[in-house]
Amino acid sequence: MKPYNVVINFESGTLDPGKRIIRKVSDVKNMFYDTQAAEELIQKGDPMVYEVIYADVPEEQGHLGHCTTIIYPGKIGNEYFLTKGHYHEKLSTAEIYFCLRGQGRLIMESTDGDCEVLEMFPGSASYIPPNWSHRTMNVGKELLVFYCIFPADAGHDYATIEEQGYPKLVVEIDGKVTVIDNPKRKNK
Ligand code: S6P
Ligand code: ZN
């Protein structure tokens, strides 16, 4: 293949040319603590939670996958709109999230059971080391837009996070972004 540009719009988060994937509440309902509130939101029109726009890169060793993620502002119960979250299938692969717009949090858990939450804000570049799962939340009132770069053959393991969730939840309490223990967390 030949070198080529994509163009990223820092306001809207579009990456052009790119392949767009959309996730509605019905796609991510199992990831939220308050599944009843998620069901109610699905009945009310099943709004979009986030989209990912991937540059066209072969999913092969040596290549770098890259994409933008756009998370809409919103909550289910008191939990902020979030991404599904995943480990890379190839656990030995790292990733960088560069925030372009909005306010977010990045929660990560390592295969050793360590958990970390980082702030995301325009200009923050978060390093996700090998062996750490990752999920993002929009904790602001506007779009959260970030740009991701990862080994193109990393792959996604969504099942582990869907089953066990994270040790912490990021929720709004008295109008403030608050990190609490996840009462539903299994095994820990
Ligand atoms: C890929 C990278 C991101 C996420 C995206 C959506 O390795 O971490 O592009 O795919 O932010 O999150 P998720 O958990 O639905 O894939
Ligand atoms: Zn990833």
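In the block above lies the structure referred to throughout.
I will try to describe carefully the structure that is included in this document. (Residues numbered from 1 in each chain as written. Chains lettered and ligands numbered in written order. Predicted model: local features only at pLDDT ≥ 70, side-chain atom pairs only at ≥ 80, totals over all residues. Heavy atoms only, no water.)

1. Describing the packing of aromatic side chains
Where we set the bar: Only rings of Phe, Tyr and Trp enter the pairing, Trp through its six-membered ring, and a pair is recorded when the two centres are within 6.5 Å. The plane angle decides the type: under 30 degrees is stacked, over 60 is edge-to-face, the rest tilted. Only runs of H or I of at least four residues qualify as helices and only runs of E of at least two qualify as strands under DSSP, and these elements are numbered from the N terminus. Exposure categories follow from relative accessible area, calculated using a 1.4 Å probe and restricted to protein chains: below 20% of the type maximum is buried, above 50% is exposed, and the middle band is partly exposed. Charges are assigned to positions over rings by a cutoff of 6 Å between ring centre and Lys NZ or Arg CZ, combined with an angular limit of 35 degrees from the ring normal.
Tallied over the full model, the rule gives one aromatic pair. A centroid spacing of 4.7 Å and a plane angle of 40 degrees characterise the contact between Tyr-97 and Phe-146, whose relative ring orientation is tilted. Residue Tyr-97 is found in strand S8 (residues 95–101), and its partner Phe-146 is found in strand S13 (residues 144–151); the two are separated by 49 residues along the sequence. On the accessibility criterion, Tyr-97 (5% relative accessible area) is buried. The ring centre of Tyr-158 lies 5.0 Å from the NZ or CZ of Lys-84, which sits over that ring. The ring of Tyr-33 has Lys-184 lying over it, and the distance from NZ or CZ to the ring centre is 4.8 Å.

2. Digging into helix H2 (residues 35–43)
Because each turn of an α-helix spans 3.6 residues, side chains separated by three or four positions end up pointing in the same direction. How we decide: Working note: the arc is built from the helix axis to C-beta atom directions. Should any heavy atoms of two residues lie within 4.5 Å, those residues are counted as being in contact.
Of all the positions in H2, only Ala-37, Ala-38 and Ile-42 are classed as buried. Around the axis of H2, the buried residues are gathered within 145 degrees of arc, so they sit on the same side. Facing away from the buried surface of H2 by more than 90 degrees, the exposed residues are Gln-36 and Gln-43. Packed against the buried residues of H2 are helix H1 (25–28) and strand S6 (75–76). Once H2 finishes, Gly-45 follows within two positions and takes phi at roughly 125 degrees, a positive value.

3. Observations concerning the side chain of Thr-83
Note the following rule: Residues adjacent in sequence count toward polar contacts only when both atoms are side-chain atoms; beyond that, a polar contact is any pair of N or O atoms within 3.5 Å, and within protein one must be able to donate a hydrogen and the other to accept it.
With respect to the helices, strands and loops of the structure, Thr-83 is situated in the loop between strand S7 (79–80) and S8. Using a relative accessible area of 10% as the deciding quantity, one classes Thr-83 as buried. One polar contact links the side chain of Thr-83 to the main-chain amide nitrogen of Thr-136, over a distance of 3.0 Å. Setting aside anything within four residues of it in sequence, one finds Thr-83 in contact with Tyr-50, Thr-69, Ile-71, Arg-135 and Thr-136.

From the geometry alone we can't say anything about function, so treat these as descriptive.
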